[in-house]
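# Structure at a glance
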Amino acid sequence: MAALIFVQLALGLAAVGWRLSPAKLDLFVWHKSIGMLILALLLMRLWWRLAGRVPALPSQMAPWERWGAQISHFLLYALMLALPLTGWVISSASNVPFRIFWAVALPAIMAPDKATADLFASVHGWLATLLAFALVAHVGAALRHHYIKHDAVLARMLPWRAR
Ligand code: HEM
Ligand code: HEM
């Protein structure tokens, strides 16, 4: 999901920046399709997260570090949900026909309305900017755990490492 999200940020910026052309339209199909895939994966992930047990944070972490981790992870989850949903609103409100990966038509979640499409395009852009800043902090924190605090927080995210 992390890789898809980095690709998705780049695709969104590229899709908005390119001048109108068939390639730009394709870029938007990729952007919207990967965005809906992220939404589906996120819902599975949330189900798994809420149903399962989560490894405890290292005991030597200070209270402010625990709060920071919890608040920033909550923010990342909220943005991973809000971005696809606002994207879906733009797509529906702007009434551009769209099939996920050129195959499955995405149902509209609202009637076409230019003002709503414009409003949500700007909200979507701001949320993406907030996500980019949150990710700088998130990846920075992961590197701090690994290289400064020398704990197992980064290493234990790797699937091939024993927990
Ligand atoms: C995690 C998921 C997503 C991320 C990180 C993301 C990110 C972005 C970014 C960075 C932009 C460029 C914003 C700008 O420069 O103004 C953008 C634009 C856009 N995205 Fe997404 N997006 C996501 C999901 C979706 C989905 C699911 C859809 C539609 C089904 C969608 C539809 C759009 C549209 C239509 C625009 C152009 C808005 C405009 O006209 O300014 N996005 N997105
Ligand atoms: C190079 C990229 C990334 C690195 C190195 C990284 C690193 C980490 C690490 C080490 C943790 C573990 C925290 C713990 O054990 O409690 C974590 C958790 C998490 N990461 Fe990332 N991450 C990256 C990208 C992302 C991206 C792109 C997102 C989504 C926008 C994301 C969202 C999250 C969330 C929500 C958690 C909390 C998981 C949970 O407790 O359910 N990460 N990340």
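What counts, and where the lines are drawn
- Residues numbered from 1 in each chain as written.
- Chains lettered and ligands numbered in written order.
- Predicted model: local features only at pLDDT ≥ 70, side-chain atom pairs only at ≥ 80, totals over all residues.
- Heavy atoms only, no water.
- Helix = DSSP H or I, 4+ residues; strand = E, 2+ residues; numbered from the N terminus.
- Polar contact = N/O pair within 3.5 Å; in protein donor to acceptor, adjacent residues only side chain to side chain.
- Contact = heavy atoms within 4.5 Å.
- Axes fitted to C-alpha atoms, helices over the stretch in contact; angles between N-to-C directions.
- Parallel < 35°, antiparallel > 145°, perpendicular 65-115°, else oblique.
- Left-handed = near helix turned anticlockwise from the far one by under 90°.
- Nonpolar A, V, L, I, M, F, W, Y, C, P; charged D, E, K, R; others polar.
- Donors = N, O, S within 2.8 Å, 3.2 Å for Na, K, Ca; no water.
- Tetrahedral: all angles 85-135°; square planar, octahedral: opposite > 155°, others 65-115°.
- Buried < 20%, exposed > 50% of the residue type's maximum accessible area, 1.4 Å probe, protein only.
- Near = heavy atom within 4 Å.

This part is about the side chain of Ser33. Take Ser33: it is sitting in helix 2 (residues 22-51). Here the side chain of Ser33 touches Val29 through a polar contact of 2.6 Å, landing on its backbone oxygen. Setting aside residues no more than four positions away along its own chain, Ser33 makes contact with Phe98, Arg99, Ile100 and Phe101.

Moving on: the packing of helix 1 (residues 2-17) against helix 2. It is the contact of helix 1 with helix 2, at a shortest axis distance of 9 Å, that shows an interaxial angle of 150 degrees. Between helix 1 and helix 2, the interaxial angle falls into the category roughly antiparallel. Considering only the axes of helix 1 and helix 2, their crossing is left-handed. Only Lys24, Leu27, Phe28, Trp30, His31, Ile34, Gly35, Leu37, Ile38 and Leu41 of helix 2 make contact with helix 1, whose side of the interface consists of Leu4, Ile5, Val7, Gln8, Leu11, Gly12, Ala14, Ala15 and Val16. Within the contact of helix 1 with helix 2, the residues separate by chemical class into 14 nonpolar, four polar and one charged.

In this section: the coordination of the iron atom of ligand 1. Distances from the iron atom of ligand 1 to its protein donors, His31 (NE2) and His124 (NE2), fall at 2.0 Å. For the iron atom of ligand 1, the six donor atoms are set out with angles of 87 to 179 degrees between them, so the coordination reads as octahedral. Pair noted here: His31 is in helix 2 and His124 is in helix 4 (residues 114-148), with a separation of 93 residues, a long-range link. Residue His31 is classed as buried on the basis of its relative accessible area of 12%.

For a metal with four tetrahedral donors the ideal donor-metal-donor angle is 109.5 degrees, whereas six octahedral donors ideally subtend 90 or 180 degrees. The sole protein-derived ligand of the iron atom of ligand 2 is His138 (NE2), positioned 2.0 Å away. Mapped onto the secondary structure, His138 falls in helix 4.

Take the site of ligand 1 next. The full set close to ligand 1 counts 20 residues, and Gln8, His31, Lys32, Gly87 and His124 are the nearest of them. In the model, a nitrogen atom of ligand 1 is placed 2.8 Å from a nitrogen or oxygen of the His31 side chain. Listing elements by their share of the shell around ligand 1, those giving two or more residues are helix 1, helix 2, helix 3 (63-93) and helix 4. Here the shell around ligand 1 takes six residues from helix 2, the largest share from any one element. Broken down by class, the residue content of the shell around ligand 1 amounts to twelve nonpolar, seven polar and one charged.

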